[in-house]
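Chains, contacts and geometry: an overview
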Amino acid sequence: MAQNGFLCDFGYNWEPWDGNSIPFRSDRQHDPIAIADYLRYKWLGKGWVNISPGLQEAITGKVVEIYLNAFEHSQSAIGVFSCGQNYPEAGMLQLTVIDFGIGIPSRVRTLPENSAMTATEALEWAFQPGNSTKQNGVRQGEGLHLLQEFVKKNHGNLMIFSNDGYVTIRDNEIIYENKCTSFSGTLVNIALRCDESYYCLASEVPQLRKRIF
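Note that this is a predicted model, so its numbers are computed, not measured.

1. Here's the deal with helix 5 (residues 119-126)
Among the 8 residues in helix 5, 6 count as buried, and that is most of the element. Ala119, Thr120, Ala122, Leu123, Trp125 and Ala126 are the residues of helix 5 that are buried.

Okay, structure coming up:
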């Protein structure tokens, strides 16, 4: 917490330093340019995951959409927070984005036709392409698709906690569960494997890539 700037942000006299952490970030308003730069240079741009510039830009754009959805739908009075960590021994890179708003299931249930949904049903509905609780805005299901596909190919993990619902995406599995405890908000955790494979978009096509995305 000292290294990533969390303690400094909360008033402790402990300056952050560069290392394996992804800096703690607090956003009261959506600033897509600043957030994209944070993701490019402090997360994917560190070289911990070996990906092409094109794929890096594509993933950055999709994660920016996660922030946008939090600002548009969560009704969080204190904004959105994020931080992460590279774990060299485990070979994993993690990023967490969290808001303390009303949560995805609660938001989905504001639509009359969804009012009786369980948390898992609401999460499944939210992640279907084309479904949204807002007429104008990024469709969350569509925004997460490329990120989901990369996480699967990378053998990483994408976890989302919201209210009493939970979803995890890994390999070829998408698992939805109802949890006993309720979290007022939404937490998105992206865990990527730092292996030796090189990942790129299929359109980039080079012959010597170990994996083509």
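2. Focus on the layout of surface pockets
Taken as a whole, the largest pocket holds about 210 Å³ of empty space. Residue lining of the largest pocket: 14 residues in total, with Met1, Asn4, Cys83, Gly84 and Gln85 positioned closest to the centre. Taken together, the elements giving at least two residues each to the lining of the largest pocket come down to strand 1 (21-27), strand 2 (80-87) and strand 3 (92-99). Among the elements that take part in the lining of the largest pocket, strand 2 stands out by supplying 4 residues, more than any other.

3. Details of the nonpolar core
With 43 residues, the main nonpolar core has Leu39, Trp43, Ile59, Val63, Leu95 and Ile190 as its most contacted residues. For this core, the secondary structure elements donating two or more residues are helix 2 (32-43), helix 3 (53-73), strand 3, helix 4 (104-108), helix 5, helix 6 (140-154), strand 4 (157-170) and strand 5 (173-193). Not counting residues up to four positions away in its chain, the partners in contact with isoleucine 190 are Trp43, Val63, Leu93, Gln94, Leu95, Leu147, Val151, Asn157 and Leu158.

4. A word on unusual backbone geometry
The phi torsion at histidine 155 lies on the positive side, around 60°, for a residue other than glycine. Counting through the fold element by element, histidine 155 comes out in the loop between helix 6 and strand 4. Residue class for histidine 155 comes out partly exposed when judged on its relative accessible area of 39%. The phi torsion at asparagine 163 lies on the positive side, around 55°, for a residue other than glycine. Of the residues examined, asparagine 163 reaches a relative accessible area of 8% and is grouped as buried.

5. Description of the environment of proline 23
Its place among the elements puts proline 23 in strand 1. Residue proline 23 is classed as partly exposed on the basis of its relative accessible area of 27%. Along the primary structure proline 23 and tryptophan 43 are separated by 20 residues, whereas in three dimensions their C-alpha atoms are 8.8 Å apart.

6. Description of the packing of aromatic side chains
Inspection of every chain in the model, using the stated rule, returns 5 aromatic pairs. For the ring pair phenylalanine 24 and phenylalanine 81, a centre distance of 6.1 Å and an interplane angle of 20° mean the geometry is stacked. You can see phenylalanine 24 sitting in strand 1 and its partner phenylalanine 81 sitting in strand 2, a full 57 residues away along the chain. Accessibility expressed as a relative area gives 14% for phenylalanine 24, which makes it buried. Exposure remark for phenylalanine 81: the relative accessible area of 13% places this residue in the buried category.

7. Comments concerning the packing of helix 2 against helix 3
With their axes 9 Å apart at the nearest point, helix 2 and helix 3 run at an angle of 130° to one another. If you check the angle between helix 2 and helix 3, you find them oblique. The way helix 2 lies across helix 3 gives a crossing that is right-handed. In this structure, helix 2 uses Pro32, Ile35, Ala36, Tyr38, Leu39, Arg40 and Trp43 to contact helix 3, whose residues at the interface are Gln56, Glu57, Ile59, Thr60, Val63, Val64 and Tyr67. Considered class by class, the residues forming the contact of helix 2 with helix 3 number 10 nonpolar, 2 polar and 2 charged.

8. Brief notes about the side chain of serine 21
Structurally, the position occupied by serine 21 is in strand 1. When neighbours within four sequence positions are excluded, serine 21 is seen to be in contact with Gln3, Asn4, Trp48, Gly84 and Gln85.

Conventions and cut-offs
- Throughout, residues of each chain are indexed from 1 in the direction in which the sequence is written.
- Totals for whole chains, interfaces and linings use every residue, but because this is a predicted model, local features are given only for residues with pLDDT of at least 70 and side-chain atom pairs only at 80 or more, for both listing and counting.
- Side-chain descriptors were evaluated using all non-hydrogen atoms of the structure, hydrogens and water having been removed beforehand.
- Here the term buried applies to any residue with accessible area under 20% of the maximum for its type, exposed to any over 50%, and partly exposed to those in between, with areas from a 1.4 Å probe on protein chains only.
- Here a helix means four or more residues in a row that DSSP labels H or I, a strand means two or more in a row labelled E, and each is numbered from the N terminus.
- Cavities and pockets are found on a 1 Å grid laid over the protein atoms alone: a cavity is a set of points where a 1.4 Å probe fits but cannot escape, a pocket is an open set with protein on both sides within 12 Å along at least five of seven lines, and a lining residue has an atom within 4 Å of such a point.
- Grid points are joined across faces, edges and corners, and a volume is the space filled by probe spheres set on the points.
- To qualify as a nonpolar core, a set must consist of buried Ala, Val, Leu, Ile, Met, Phe, Trp, Tyr and Cys residues joined through side-chain atoms within 4.5 Å.
- Every residue pair with non-hydrogen atoms within 4.5 Å of one another is taken to be in contact.
- Two rings from Phe, Tyr or Trp (for Trp, the six-membered ring) form a pair when their centres are within 6.5 Å of each other. A pair whose planes differ by under 30 degrees is stacked, one over 60 is edge-to-face, and the rest are tilted.
- Lines fitted to C-alpha atoms define the axes, with helix axes restricted to the stretch in contact, and inter-axis angles between N-to-C directions lie between 0 and 180 degrees.
- When an angle is under 35 degrees it counts as roughly parallel; over 145 it counts as roughly antiparallel; between 65 and 115 it counts as roughly perpendicular; any other value is oblique.
- Crossing handedness: left-handed means the near helix sits turned counterclockwise from the far one by under a right angle, and right-handed means the same turn made clockwise.
- Classes in brief: Ala, Val, Leu, Ile, Met, Phe, Trp, Tyr, Cys and Pro nonpolar; Asp, Glu, Lys and Arg charged; the others, Gly included, polar.

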